[in-house]
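# Commentary on secondary and tertiary structure
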Amino acid sequence: MTTSLQELLAGWITGQRWFAGKGRVIDDLSIEHRTDIQTGDPGLLHLVLSVRQGERRTRYQLLVGLRTSLPDRLKHVLIGSCDWEGRECSAYDAAHDAELTRILLEGMESFRRAGRLAFHRAPGIEIDTSLRSLVLTVEQSNTSLVYGDRYILKLFRQINAGLNPELEVITALAAAGSTHIARPYGWIETDLDAQPTTLAIMQEFLANANEGWALALTSVRDLYGSPPDVPAEEVGGDFAAEAYRLGVATAEVHRELAAAFPIGVVEPPEVKRMAERFRDRLDQAVAEVPQLAAHASVAHAAYDRLADLDRAVAVQRVHGDYHLGQVMRTPGDWVVLDFEGEPGQPLSERRGLDTPLRDVAGMLRSFDYAARHLLAGHPEAATLTGRADEWSARNRAAFLGGYSEGGGRISGDDAVLLRALELSKAVYEVVYEARNRPTWLPIPLAAFRSPR
Ligand SMILES: Nc1ncnc2c1ncn2[C@@H]1O[C@H](COP(=O)(O)OP(=O)(O)O)[C@@H](O)[C@H]1O
Ligand SMILES: O=P(O)(O)O[C@H]1O[C@H](CO)[C@@H](O[C@H]2O[C@H](CO)[C@@H](O)[C@H](O)[C@H]2O)[C@H](O)[C@H]1O
């Protein structure tokens, strides 16, 4: 059975949104660990796959459902037919099968152990196991299940051995009473390379919240639709007050992170090495995305200035992949999600200390994304570019104002660091877009146009 399921998976996995190795040939796919969470019909398998593409080996997690007869409601997530213990079965993505995902809730409620899997519940939490799940249909690197508007369970798709930074951070911030996180309710663990490894995290579902990205886009649309002589601040959907409030919340989260985890200082030689890493990343990105070559000199100039800074930089735990899709506006305040760091980086790096300006840079880039992403293919793109610049500049400034007001420190010297961080993020985004959404590539490329 294993061989045929492996073949099916090799054909199926490349089409999944969360598959990180798009555009590269799979040299080998093997099932590293298999846990039969439920035997019988339907059956539920948990698989850790190891996918080798060239030198790179990546692990992915799958929940595979097996049924002798697949109901219509699950036909859209069919992986294929396979032989399972002598029977012809349909294998499918079980994340979409509420009958099977309930087993995960039951597992967390009862602290179940199934083979190598260990289910956990957060202290003082009771889990309602009667809730049915739906898969969240948003662009994401993982797969999230929403149980009855009460819980959201994120199944990490790409698995790295070790404790996931998100679980570590939200547990610490919840214990410190933070109002800027969604409370943790439970998690699922395994051991990989002899390390406890987080496979999934369940949190409070923020049912009455709106994603920052969606709110920002509504504002951008309003501005695009308004007469050209009306300034941004007079357009109905102006976002600047929210951007400011988000800046305040960001500074508060940074303060909470600094209080909950160790802090440190990076001396000038290490800042030089940071610039060096940015250069290496740029070179790799240019090799993968040739369109970036024409802009590389702008980034190199920013990295040279960083290398010459000759100044120590304060570091602490940070978010690491901060953008408008990671923040939600609840009726009360902004809540920050997904403290996972940049997907694809080693866990040691994602759990390491960094300058909080990395997050500030990430959010500044996101304002630029929001301002420009509606321009691609827009018939009036040429005239609307000025509007996009206006929206971006206004909201970036408001966010920075809020960040300072909330106690976040940005000194004059920090402009050099911030610029280098922004361009490094844009380099990451160029690669990300080339791999996942090639039509969006012009958005990060626009970051290299001119110094702000
Ligand atoms: N606690 C939550 N309550 C409501 N929606 C959430 C919550 N957590 C995540 N989401 C929604 O799921 C989306 C993806 O979540 P995220 O943690 O960023 O996943 P990924 O790491 O896969 O990108 C968010 O942009 C948001 O729309
Ligand atoms: O899946 P994650 O949320 O962890 O992050 C990845 O996907 C993001 C896209 O969904 C990507 O963000 C980029 O696009 C956003 C708009 O969709 C934009 O707001 C961000 O500024 C931009 O970086 C993120 O980089 C990637 O890690």
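In this text, all values refer to a predicted model and were calculated from it rather than measured experimentally. (Residues numbered from 1 in each chain as written. Chains lettered and ligands numbered in written order. Predicted model: local features only at pLDDT ≥ 70, side-chain atom pairs only at ≥ 80, totals over all residues. Heavy atoms only, no water.)

## Remarks on the overall build of the chain
Regarding its fold elements, the chain presents 12 helices and 18 strands. Taking 2.2 N^0.38 as the reference for a compact globule, 452 residues should give roughly 22 Å; the C-alpha atoms of the chain span a radius of gyration of 23 Å, in line with that estimate. Burial statistics for the chain: of 452 residues in total, 53% are counted as buried. Residue pairs at least 24 apart in sequence account for 68% of intrachain contacts in the chain once pairs closer than 6 positions are excluded. (Helix = DSSP H or I, 4+ residues; strand = E, 2+ residues; numbered from the N terminus. Rg over C-alpha atoms; globule rule 2.2 N^0.38 Å. Buried < 20%, exposed > 50% of the residue type's maximum accessible area, 1.4 Å probe, protein only. Contact = heavy atoms within 4.5 Å.)

## Comments concerning the site of ligand 2
Not every one of the 14 residues close to ligand 2 is listed here, only the nearest: Ser141, Ser366, Tyr428, Glu429 and Tyr432. Between an oxygen atom of ligand 2 and a side-chain N or O atom of histidine 323, the distance comes to 3.2 Å. Between ligand 2 and arginine 437 there is a distance of 3.0 Å, counted from an oxygen atom to a side-chain nitrogen or oxygen. Look at ligand 2: alone it shows 530 Å² of surface, and the protein chains cover 94% of it. (Near = heavy atom within 4 Å. Polar contact = N/O pair within 3.5 Å; in protein donor to acceptor, adjacent residues only side chain to side chain. Areas by Shrake-Rupley, 256 points an atom, 1.4 Å probe, with all protein chains shown as cover.)

## A short note on the sheet that holds strand S17 (residues 327-329)
Spatially, the 3 strands line up as an open sheet ordered S14-S17-S18, and their pairing is antiparallel. Two strands bound the open sheet, and with one partner strand each, they are strand S14 (210-211) and strand S18 (334-336). Bridge analysis of S17 against S18 gives 3 bridges, and the strand direction is antiparallel. Considered in S18, the bridge of arginine 329 is made with tryptophan 334. Against the sheet, helix H5 (residues 240-260) engages S17 and S18, with an angle of about 45° to S18. (Pairing = 2+ DSSP bridges. Axes fitted to C-alpha atoms, helices over the stretch in contact; angles between N-to-C directions.)

## A look at the pairing of strand S7 (residues 117-121)
Within S7, 4 of the 5 residues are buried, leaving the element largely enclosed by the surrounding structure. Where strand S6 (residues 113-114) meets S7, 2 bridges bridge the pair, whose relative direction is antiparallel. In the strand pairing of S7, alanine 114 is matched with leucine 117. The antiparallel hairpin formed by S6 and S7 contains 2 residues in its connecting segment, where glycine 115 sits at a positive phi of about 55°. Where S7 meets strand S12 (residues 184-192), 4 bridges bridge the pair, whose relative direction is antiparallel. Its bridge partner being in S12, alanine 118 is matched across the sheet by glutamate 189.

## With respect to the environment of phenylalanine 339
Looking at the element boundaries, phenylalanine 339 is found in the loop between S18 and helix H8 (347-350). C-alpha separation for the pair phenylalanine 339 and arginine 317, spaced 22 residues apart in sequence, amounts to 9.8 Å. Those residues in contact with phenylalanine 339, other than ones at most four positions away along the chain, are Pro165, Glu166, Val169, Ile170, Leu173, Ile181, Val253, Leu257 and His319.

## A look at the domain arrangement of the chain
Assigned domains of the chain: these are domain 1 (5-94), domain 2 (98-204) and domain 3 (210-449). With centres defined by C-alpha atoms, the gap from domain 2 to domain 3 works out at 28 Å. In this complex, domain 2 contributes 23 residues to the contact, which on the side of domain 3 involves 23 residues. Carbon and sulfur atoms make up 57% of the surface buried where domain 2 meets domain 3, a total of about 1,900 Å² over both sides. (Domains from an automatic or database assignment. Buried area = accessible area lost by both parts, 1.4 Å probe.)

## With respect to the site of ligand 1
Around ligand 1 sit 18 residues, and of these Gln140, Lys154, Leu206, Glu211 and Asp338 come closest. Separating an oxygen atom of ligand 1 from a backbone N or O atom of serine 141 is a distance of 3.2 Å. Coverage of ligand 1 by the protein chains reaches 91% of its 550 Å² of free accessible surface. The residue inventory of the shell around ligand 1, partitioned by class, reads 8 nonpolar, 5 polar and 5 charged. When residues are assigned to domains, the shell around ligand 1 turns out to be shared by domain 2 (98-204) and domain 3 (210-449), each giving three or more. (Nonpolar A, V, L, I, M, F, W, Y, C, P; charged D, E, K, R; others polar.)

## Focus on the sheet that holds strand S9 (residues 143-147)
Strand order across the open sheet formed by 7 strands is S6-S7-S12-S13-S10-S9-S8, with antiparallel pairing between neighbours. Two strands in the sheet have a free side with no partner beyond their single neighbour: S6 and strand S8 (133-135). By the bridge criterion, 3 bridges tie S8 to S9 in an arrangement that is antiparallel. When the sheet's bridge partners are listed, valine 135 is paired in S9 with leucine 145. The sheet strands contacting helix H3 (residues 165-175) are strand S10 (151-155), S12 and strand S13 (195-204), and the helix crosses S13 at an angle near 55°.

## Regarding the UniProt feature "domain: Maltokinase N-terminal cap" (unreviewed entry) in the chain
As recorded in UniProt, the sites labelled "domain: Maltokinase N-terminal cap" (unreviewed entry) are residues 12-97. Taken end to end, residues 12-97 has its terminal C-alpha atoms 18 Å apart, with 2% of it in helix and 56% in strand. (UniProt positions renumbered as here; feature names shortened; annotations may be inferred.)

## Section: the packing of aromatic side chains
With the rule as written, the count across this model stands at 13 aromatic pairs. Their ring planes at 45° and their centres at 6.4 Å tell us that tyrosine 369 and tryptophan 440 sit as a pair that is tilted. Of this pair, tyrosine 369 sits in helix H9 (residues 357-372) while tryptophan 440 sits in the loop between helix H11 (414-436) and helix H12 (442-445), and the two are 71 residues apart along the sequence. Taken together, the aromatic side chains of Phe239, Trp334, Phe367, Trp391 and Phe399 make up a single cluster linked through ring pairs. In this structure, arginine 317 packs its charged tip against the face of phenylalanine 261, placed 4.7 Å from the ring centre. Of note, arginine 437 hangs over the ring of tryptophan 440, and the distance from its end group to the ring centre comes to 3.8 Å. (Phe/Tyr/Trp six-rings, centres within 6.5 Å; stacked < 30°, edge-to-face > 60°. Lys NZ or Arg CZ within 6 Å of the ring centre and 35° of its normal.)

## Remarks on the packing of helix H7 (residues 296-307) against H11
Relative to each other, H7 and H11 sit at 140°, their axes nearing to 9 Å. By the angle between their directions, the pair H7 and H11 is classed as oblique. Judged by the sense of rotation from one axis to the other, the crossing of H7 with H11 is left-handed. On H11, the residues touching Val298, Ala299, Ala302, Tyr303, Arg305 and Leu306 of H7 are Val416, Leu417, Arg419, Ala420, Leu423, Ser424 and Val427. The residue makeup of the contact of H7 with H11, split by class, is 10 nonpolar, 1 polar and 2 charged. (Parallel < 35°, antiparallel > 145°, perpendicular 65-115°, else oblique. Left-handed = near helix turned anticlockwise from the far one by under 90°.)

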